[in-house]
Amino acid sequence: MNAPVPIGTPTATAQPPLVEADSGAPLLRVRDLRVRYRTGRRSFEAVAGIDLTVRAGQTVGLVGESGCGKSTVARAIARLEPGISGELTFDGQNVAALRGRALRPYRQRVGMVFQDPIASLNPRRRIRDIIATPLRLAGHDDSTATAARVAELADLVGLHPTQLDRRPHELSGGQCQRVSIARALARVPDLLLCDEVVSALDVSIQAQVINLLMDIREQQGLAMVFISHDLAVVRQLADRVAVMYLGVLCEDAPVDELYERPAHPYTRALLASVPGERAAKDDAGLLTGDLPSPLTPPSGCRFRTRCPIADELCAQETPAPVELRPGHRVACHFPLTGRDD
Ligand code: ADP
Ligand code: MG
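Here's what I pulled together on the structure shown here. (Residues numbered from 1 in each chain as written. Chains lettered and ligands numbered in written order. Predicted model: local features only at pLDDT ≥ 70, side-chain atom pairs only at ≥ 80, totals over all residues. Heavy atoms only, no water.)

**A short note on the overall build of the chain**
The helix and strand inventory of the chain stands at 11 helices and 12 strands. Burial statistics for the chain: of 341 residues in total, 47% are counted as buried. For the chain, long-range pairs separated by at least 24 residues make up 63% of all intrachain contacts whose partners lie at least 6 apart in sequence. Carbon and sulfur atoms provide 50% of the accessible area of the chain, an area that totals close to 16000 Å². (Helix = DSSP H or I, 4+ residues; strand = E, 2+ residues; numbered from the N terminus. Buried < 20%, exposed > 50% of the residue type's maximum accessible area, 1.4 Å probe, protein only. Contact = heavy atoms within 4.5 Å. Areas by Shrake-Rupley, 256 points an atom, 1.4 Å probe, with all protein chains shown as cover.)

If you want it as structure tokens, here you go:
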């Protein structure tokens, strides 16, 4: 299923916007990714078999409620989680099996920015040292060249040179997030993993950081995995969006396709709470009830306990993802179609 179409292969049914969103060589390929955590004597799958493809220069948004496993996916891709299984291929290389020193070249090509801007920076160090850390770890000990690179990175993310001598608590949240971005870019990654990077910032500052990320992406040809529980933010900068629920994907599609024609009841429920989205105006209804515990996921479709249209089949069988339209996959026994009006 979902066999990648070789680049340049003509497809008779191709719809231009969908093909455009999916063109370019796969940079990251994730297949059946699973992450197991232990709590006390029990273990459970926080990520229970996820497929994702990120193409060079592409931004893939990953959305879903808090606790569904988004951060775990990012940490697994960054190889920060020990208990993973499945396929993780980066630029054609299997990176799931790399250990210790062999991981270094991969880590260099993947940058990561986290949610809490101040807590993710060492409070005792000056900003210039924080940004230089990845360069030192990579063995750049020429201090003149390192200082020049730090100045260049500061300029790229819009930090004033005088701010380089400050410490994290002397900067605002937005400025600290610029520092985190500069640090993540220090070794010129091909892929940037952004985990809720604007969620802790004021709305006006969010827009600045999003614009900065979009400029940098353009300039450097970066691919991104952009994680957020805020669907309005994701719509601004993603090319594709994948929707996660309780450790699995329910739907993924090019961004406009997903927001205009959501097919999974969960996607529709999420969109119903976003002001201005068309799903908010129709019958989708708001999401009720809590996310079930990943220790005891519902049988069959994991969303069925909160789904307005679930029936017995949903409790018995796990829906396999099907391709509704080119590039638009949905894992639901009763996907909502024909929403072209
Ligand atoms: P999200 O980022 O979507 O909010 P997370 O990936 O942080 O979700 O968490 C997914 C699930 O895994 C949650 O149930 C969370 O409580 C659990 N979890 C996260 N990290 C750990 C850990 N280190 N040990 C045990 N459980 C964890
Ligand atoms: Mg998270």
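**A word on the sheet that holds strand β5 (residues 93–94)**
Sheet architecture is open: 4 strands sit in the order β2-β1-β4-β5, paired in antiparallel fashion. Two strands lie at the open edges of the sheet, namely β2 (42–55) and β5, each paired on one side alone. In terms of strand pairing, strand β1 (residues 26–39) meets strand β4 (residues 84–90) through 6 bridges, oriented antiparallel. Residue pairing across strands places V30 opposite L88, the latter belonging to β4. (Pairing = 2+ DSSP bridges.)

**Overview of the site of ligand 1**
The immediate surroundings of ligand 1 are formed by 13 residues, with G67, G69, K70, S71 and T72 found nearest. S71 is positioned such that a nitrogen or oxygen atom in its side chain is 2.9 Å from an oxygen atom of ligand 1. Within the side chain of T72, a nitrogen or oxygen atom sits 2.5 Å from an oxygen atom of ligand 1. Protein burial of ligand 1: of its 560 Å² of free accessible surface, 63% is covered by the chains. Those elements that place two or more of their residues in the shell around ligand 1 are β1, β2 and α2 (70–77). It is α2 that provides the largest number of residues to the shell around ligand 1, a total of 3 residues. Class assignment of the residues belonging to the shell around ligand 1 gives a composition of 5 nonpolar, 6 polar and 2 charged. (Near = heavy atom within 4 Å. Polar contact = N/O pair within 3.5 Å; in protein donor to acceptor, adjacent residues only side chain to side chain. Nonpolar A, V, L, I, M, F, W, Y, C, P; charged D, E, K, R; others polar.)

**Structural notes on the state of the cysteines**
Think of a disulfide as a covalent bridge from one cysteine sulfur atom to another cysteine sulfur atom. By the definition in use, this model includes 0 disulfides. C250 provides the cysteine sulfur closest to C68, a residue in no disulfide bond, and the two sulfurs are 8.6 Å apart. (Disulfide = S-S within 2.5 Å.)

**With respect to the nonpolar core**
Of all hydrophobic cores here, the largest spans 58 residues; its most connected members are I131, I181, L192 and L213. Not counting the four nearest positions on each side in its chain, L192 is found in contact with G111, M112, V113, A184, L185, L213, L222, A223, M224 and V225. (Core = buried A, V, L, I, M, F, W, Y, C linked by side-chain atoms within 4.5 Å.)

**Comments concerning unusual backbone geometry**
In this structure, D32 is a non-glycine residue whose phi angle is positive, near 50 degrees. Inspection of the secondary structure puts D32 in strand β1. Owing to a relative accessible area of 36%, D32 belongs among the partly exposed residues under this scheme. Despite not being glycine, R79 shows a phi value in the positive range, around 60 degrees. Tracing the backbone shows R79 in the loop between α2 and β4.

**Topic: helix α7 (residues 203–220)**
Residues three or four positions apart in an α-helix share a direction because the helix packs 3.6 residues into each turn. With 18 residues, α7 ought to run about 26 Å at 1.5 Å a step, and its terminal C-alpha atoms sit 26 Å apart, in line with that. When we look at burial in α7, the residues that qualify are Q206, V209, I210, L212, L213, M214, I216 and R217. Tucked inside the fold, the buried residues of α7 contact β3 (59–63), α5 (143–157), α6 (173–185), β7 (191–195), β8 (223–227) and α8 (231–237). Looking one or two residues beyond α7, the residue adopting positive phi is G221, at roughly 60 degrees. (Expected span 1.5 Å × (residues − 1).)

**Some details on the packing of aromatic side chains**
One pass over the full model with this rule turns up 5 aromatic pairs. Centre to centre, the rings of Y245 and F303 are 5.0 Å apart; their planes meet at 80 degrees, and the pair counts as edge-to-face. One end of the pair, Y245, is in strand β9 (residues 240–245); the other, F303, is in the loop between α10 (265–272) and α11 (312–316), with 58 residues separating them in the sequence. Across the pair, exposure class does not vary: Y245 and F303 are buried alike. In this structure an aromatic cluster arises from ring pairing among Y245, Y266 and F303. (Phe/Tyr/Trp six-rings, centres within 6.5 Å; stacked < 30°, edge-to-face > 60°.)

**Examining the sheet that holds β9**
Ordered in space as β6-β7-β8-β3-β9-β10-β12-β11, the 8 strands form an open sheet in which the pairing is mixed. Edge positions in the sheet fall to β6 (110–113) and β11 (322–325), since each has one partner strand and no second. Adjacent strand axes in the sheet meet at a mean angle of 20 degrees, parallel and antiparallel pairs treated alike. Taken together, the 6 bridges between β9 and strand β10 (residues 248–254) define a ladder with antiparallel strand orientation. Across the sheet, the residue bridging to A242 is D252, located in β10. The strands touched by α7 are β3, β7 and β8; relative to β8, the strand with the most contacts, the crossing angle is about 160 degrees. Taken strand by strand, α10 contacts β3, β9 and β10, and its axis lies near 105 degrees from that of β9. (Axes fitted to C-alpha atoms, helices over the stretch in contact; angles between N-to-C directions.)

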